[in-house]
Amino acid sequence: MRAGDHRDEPEFAALLEDNPADLYENAPCGYVSTLMDGRIVKINRTLLTWLGRARDEVVGRMRFADLLTVGGKLYHETHFAPLLRMQGEIGGIALELRTAAGARLPVLVTSKVRAGADGRPLLIRSTVFDAGDRRAYEIELLRAREAAEAARAAADRAREDAQQERRRLQEVLATLRRSLLPPALPDVPGLAVAAHYHTASPDDLGGDFYDLYPLGDGRWGFFLGDVSGHGPGAAAVASLARYTLRAAALHDSDPASLLAILNTAMYEGQAGEETHYCTIITGVLTRAGDGFAVTFASGGHPPPVMLRAGGGADYLPTTGGVLIGLLPEAPSVTVVAELRPGDTLLLYTDGLIEARTHESTDGGTDGHSDDEGRYGDQALLTFAGHLAPATPGGVIGAMAALLDELGEGLDDDAALLALGVTPDAGTTGAGRRPGR
Amino acid sequence: MLAHGFGCDQNLWRLVAPVLAEEFRVVLFDYVGSGRSDVSAWREERYATLDGYAGDVLDICRDLDLRDLVFVGHSVSAMVGVMSAAREPGRFAGLVLLVPSPRYIDDEGYRGGFSEQDIDELLASLEANYLGWSATMAPLIMGNPDRPELGEELTNSFCRTDPNIARVFARTTFLADSRADLATVRVPTLILECAEDMIAPREVGAYVHHAIPGSRLVTLAATGHCPQLSAPEATAGAIAAFAREGV
């Protein structure tokens, strides 16, 4: 060994100096031994120095818990002491010493029970480490964790608030949306009616609207339209259109006259940056034999589909009409058609034919879409042709399912109104004529 | 029925329960939020008052249809027992209040031994020690029904609980004032205090003894707040003698 060869070297002197007694007294940590009841029987100089106390103040006079802060004593009595009793040892517990001068000294304490020869617990040996720096670091960690938890709680609250706000908005929108449509369709003698409104997004308003209303003398008025754009502005204009038409129809029910009145109201009513126009079909139903005569005018609206009693479907051409509310004058073309028993006339808004389709997964859309990947009017005609003959309820049911299937592909709301002749119209219809 | 107090769980009765079991039917339990209870059943509203803990005691009494019950409550559980007996007196044959205190904080004309600041310090101590525990606590808190040994291996596990639950229990325990409840006691009552206990000092034992007419006060030759660990023979002996009389 090198040390044996060089006994006068400083390492050897240091080794001699580091005897067990000196190591105990001046160790870099505190040592304290107590009886099982906590009374201190031995304590090293390091710990006494930290506490600022003399040995005879402590040994035989104080208990280990007496060295702690009051909160530390509570923790010692409720956690530390029982655990030590049950486990025989306990490690790394953070406590605070109270020094003679009243200062607090954060420490980490590890204790072990020493049993006598008969196995009975005899005394408790503890080592005490100065944990000032570490506790400061831990307190920083705790603060950081508390801050993170507070931030997360705040984010949760904000998200909850936003969700609540969204639900509230959706309720308001649903109420507004209902105001654009009749609460229920009237019961028209001899006429079967069904309607459907498909909402593209609960967070937005479309501008689709429709109505069916009595004109007296056994005649009924109807309309279905679509205001350009989305949102509250479009909805407000749709509401304006609906009430204008209903009020005007009291004086003049002629479909083309109604469109002219609506055009004037909308054109002159345009204000601000948002300009809205609409496409619309207005019409009048009049009993004719065992069916109805349908007179209607279109202002730039997609043509209605007639599903025939004998099968097949075709568009009723409405060329010539222009958008309503865009120009000072809006000439329109009036069309007259016959609604025979078994026929169903379908009016719809362009939310349907402009829906985006996905050819690859496309099932219910009959594999049809136009060049731009839209559902398109050819697909609609094919779909309706397969359905015919069908009652208004049957047509609306199938169309509603189709709209659900198009799902996300629908950018705009879609309104549907189907009119047909009830099967018994020919025999009992006369009995239900006005004056019943 | 042996009810644990704030800090640890039913393991604290490990030296006493076997002795009592030789003579009596012994019911051990952990309050919801402590020990191996179903932590998911814990709700702050319920366990922020001692009434919630009394609810646990009475739930067990009803489930097991317990009658002629001698309830032994350690520390804060002593007052839980007093409240339980007031709510369903028919079930209780006697109460053993082990180192009880109806109020830990000093008040005018009353010395409980602590101030509110002291309780804040305790909460800080809880926080400080959970920091080191939280990582290893996770499996215990989450529960590993298929691997119970995970829980067993953890040291200090008898006194572990979710930090938030411990904070609520600590506040409920140490900020409660149940002095008025002592007057509701109508069953034979044994008060066991320790010769030296900084949490429930002897003057608090005397206060409880005076407040419950006909109660008996026995001072155990023990130090600290857990005589069932530090003096198990004497503690078990006193409980058994009292229960024997009642039966």
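Each value, and the rule that gives it
- Residues numbered from 1 in each chain as written.
- Chains lettered and ligands numbered in written order.
- Predicted model: local features only at pLDDT ≥ 70, side-chain atom pairs only at ≥ 80, totals over all residues.
- Heavy atoms only, no water.
- Helix = DSSP H or I, 4+ residues; strand = E, 2+ residues; numbered from the N terminus.
- Contact = heavy atoms within 4.5 Å.
- Areas by Shrake-Rupley, 256 points an atom, 1.4 Å probe, with all protein chains shown as cover.
- Buried < 20%, exposed > 50% of the residue type's maximum accessible area, 1.4 Å probe, protein only.
- Pairing = 2+ DSSP bridges.
- Right-handed = clockwise from strand over helix to strand, strands pointing away.
- Expected span 1.5 Å × (residues − 1).
- Buried area = accessible area lost by both parts, 1.4 Å probe.
- Salt bridge = Lys/Arg side-chain N within 4 Å of Asp/Glu carboxyl O.
- Polar contact = N/O pair within 3.5 Å; in protein donor to acceptor, adjacent residues only side chain to side chain.
- Axes fitted to C-alpha atoms, helices over the stretch in contact; angles between N-to-C directions.
- pLDDT = per-residue confidence, 0-100.
- Parallel < 35°, antiparallel > 145°, perpendicular 65-115°, else oblique.
- Left-handed = near helix turned anticlockwise from the far one by under 90°.
- Nonpolar A, V, L, I, M, F, W, Y, C, P; charged D, E, K, R; others polar.

What follows is about the overall build of chain A. Of regular secondary structure, chain A possesses twelve helices and 15 strands. Taking contacts inside chain A between residues at least 6 apart in sequence as the whole, the part at least 24 apart equals 60%. On chain A, roughly 21,300 Å² of surface is accessible, and the fraction owed to carbon and sulfur atoms is 54%.

What follows covers the environment of L66 of chain B. All names here are of chain B. Relative to the assigned elements, L66 resides in the loop between α3 (50-63) and β3 (69-74). Relative accessible area serves as the criterion here: at 5%, L66 is assigned to the buried category. With near-sequence residues (within four places) excluded, L66 lies in contact with M1, R25, V27, I60, C61 and R91.

Another point: the pairing of β3 of chain B. Residues and elements named next belong to chain B. Within β3, six of the six residues are buried, which leaves the element mostly enclosed by the surrounding structure. Both faces of β3 are covered, namely the face carrying L69, F71 and G73 and the face carrying V70, V72 and H74. Note that strand β1 (residues 2-3) and β3 share two bridges and pair parallel. Within the sheet, the bridge partner assigned to L2 lies in β3 and is V72. Across six bridges, β3 lies against strand β4 (residues 92-98) in parallel orientation. Within β4, the position partnered with L69 by the bridge is F92. In terms of handedness, the path from β3 via helix α4 (residues 76-87) over to β4 forms a crossover that is right-handed.

This brings us to unusual backbone geometry. In this structure, P389 of chain A follows A388 of chain A across a cis peptide bond, with omega equal to -5 degrees. Mapped onto the fold, P389 of chain A is located in the loop between α10 (376-387) and α11 (392-406). Even without being glycine, D217 of chain A reaches a positive phi, approximately 55 degrees. Position of D217 of chain A among the secondary structure elements: in the loop between β7 (208-216) and β8 (219-227). By relative accessible area, which is 72% here, D217 of chain A ends up exposed. Positive phi is not limited to glycine here, since S75 of chain B has a value of about 60 degrees. Its place among the elements puts S75 of chain B in the loop between β3 and α4.

What follows covers α11 of chain A. All names here are of chain A. With 15 residues, α11 should cover 21 Å at 1.5 Å per step; its first-to-last C-alpha distance of 21 Å lies within 8% of that length. Listing the buried residues of α11 in full gives P392, V395, I396, A398, M399, A400, L402, L403 and L406. Elements that come into contact with the buried residues of α11 comprise β6 (191-198), β11 (305-307), β14 (344-348), α10 and β15 (414-421). Backbone geometry just downstream of α11 places G407 in the positive-phi region, at approximately 45 degrees.

Facing the 33 residues of chain B at the interface are 28 residues of chain A. Carbon and sulfur atoms supply 64% of the area buried between chain B and chain A, which totals about 2,800 Å² over both sides. Applying the counting criterion to the chain B and chain A interface returns two salt bridges. Ionic pairing is found between R104 of chain A and E121 of chain B, a salt bridge with its closest N-O pair at 2.3 Å. Summed over the shared surface of chain B and chain A, the number is six residue pairs in polar contact (both at pLDDT 80 or more).

Here we come to the sheet that holds β1 of chain B. Strand pairing in a sheet takes place through backbone hydrogen bonds and is either antiparallel or parallel in direction. All names here are of chain B. Spatially, β2-β1-β3-β4-β5-β6 is the arrangement adopted by the six strands of the open sheet, whose pairing is parallel. If you trace the sheet from one side to the other, it starts and ends with β2 (28-29) and β6 (216-223), each paired once. Docked against the sheet, α3 engages β2, β3 and β4, running at close to 145 degrees with respect to β4. Helix-sheet contacts for α4 involve β1, β3 and β4, and the interaxial angle to β4 is about 160 degrees.

A few words now on the pattern of salt bridges. By the definition in use, this model includes 37 salt bridges over all chains. Salt-bridge contacts for D411 of chain A lead to R356 of chain A; the nearest nitrogen and oxygen are separated by 2.6 Å. Of this pair, D411 of chain A sits in the loop between α11 and β15 while R356 of chain A sits in the loop between β14 and α10, and the two are 55 residues apart along the sequence. Owing to a relative accessible area of 39%, D411 of chain A belongs among the partly exposed residues under this scheme. The exposure class of R356 of chain A is partly exposed, given its relative accessible area of 31%. Taking the shortest distance from any N to any O, the salt bridge between E203 of chain B and R111 of chain B comes out at 3.0 Å. Of this pair, E203 of chain B sits in helix α8 (residues 202-211) while R111 of chain B sits in the loop between β4 and α5 (116-142); the two residues are 92 residues apart in sequence, bridging distant segments of the chain. Under the relative-accessibility criterion, E203 of chain B is labelled partly exposed at 44%.

All names here are of chain A. Taken in spatial order, the five strands make up an open sheet running β7-β8-β9-β10-β13, and their pairing is antiparallel. If you trace the sheet from one side to the other, it starts and ends with β7 and β13 (333-339), each paired once. In this sheet, adjacent strand axes meet at a mean angle of 20 degrees when their direction is disregarded. By the bridge criterion, seven bridges tie strand β10 (residues 291-299) to β13 in an arrangement that is antiparallel. Opposite V294, over in β13, you have A337 as the bridge partner. Sitting on the sheet, helix α8 (residues 231-249) is in contact with β7, β8 and β9 (278-288), with an inclination near 10 degrees to β7. Each of β7, β9, β10 and β13 touches helix α9 (residues 255-269); the most contacted strand, β9, lies at about 155 degrees to it.

Here the focus is the confidence of the model for chain B. All names here are of chain B. Here chain B averages 87 in pLDDT, while 87% of its residues score no lower than 70. By mean pLDDT, the top-scoring element of chain B is β1 (97), and the lowest-scoring one is helix α6 (residues 149-153) (44). The low-confidence segment residues 132-145, where pLDDT is below 50, has 19 contacts with residues more than four positions distant or belonging to other chains. Counting interchain partners and residues more than four positions distant, the pLDDT-below-50 stretch residues 147-154 has nine contacts.

Residues and elements named next belong to chain A. Direction vectors running N to C along α10 and α11 enclose 140 degrees, while the axes themselves pass 11 Å from each other. Considering the angle they form, α10 stands oblique to α11. The element α10 and its partner α11 pack so that their crossing is right-handed. Across the interface between the two elements, L380, F383 and L387 of α10 pack against V395, A398, M399 and L402 of α11. Class assignment for the residues of the contact of α10 with α11 results in seven nonpolar, no polar and no charged.

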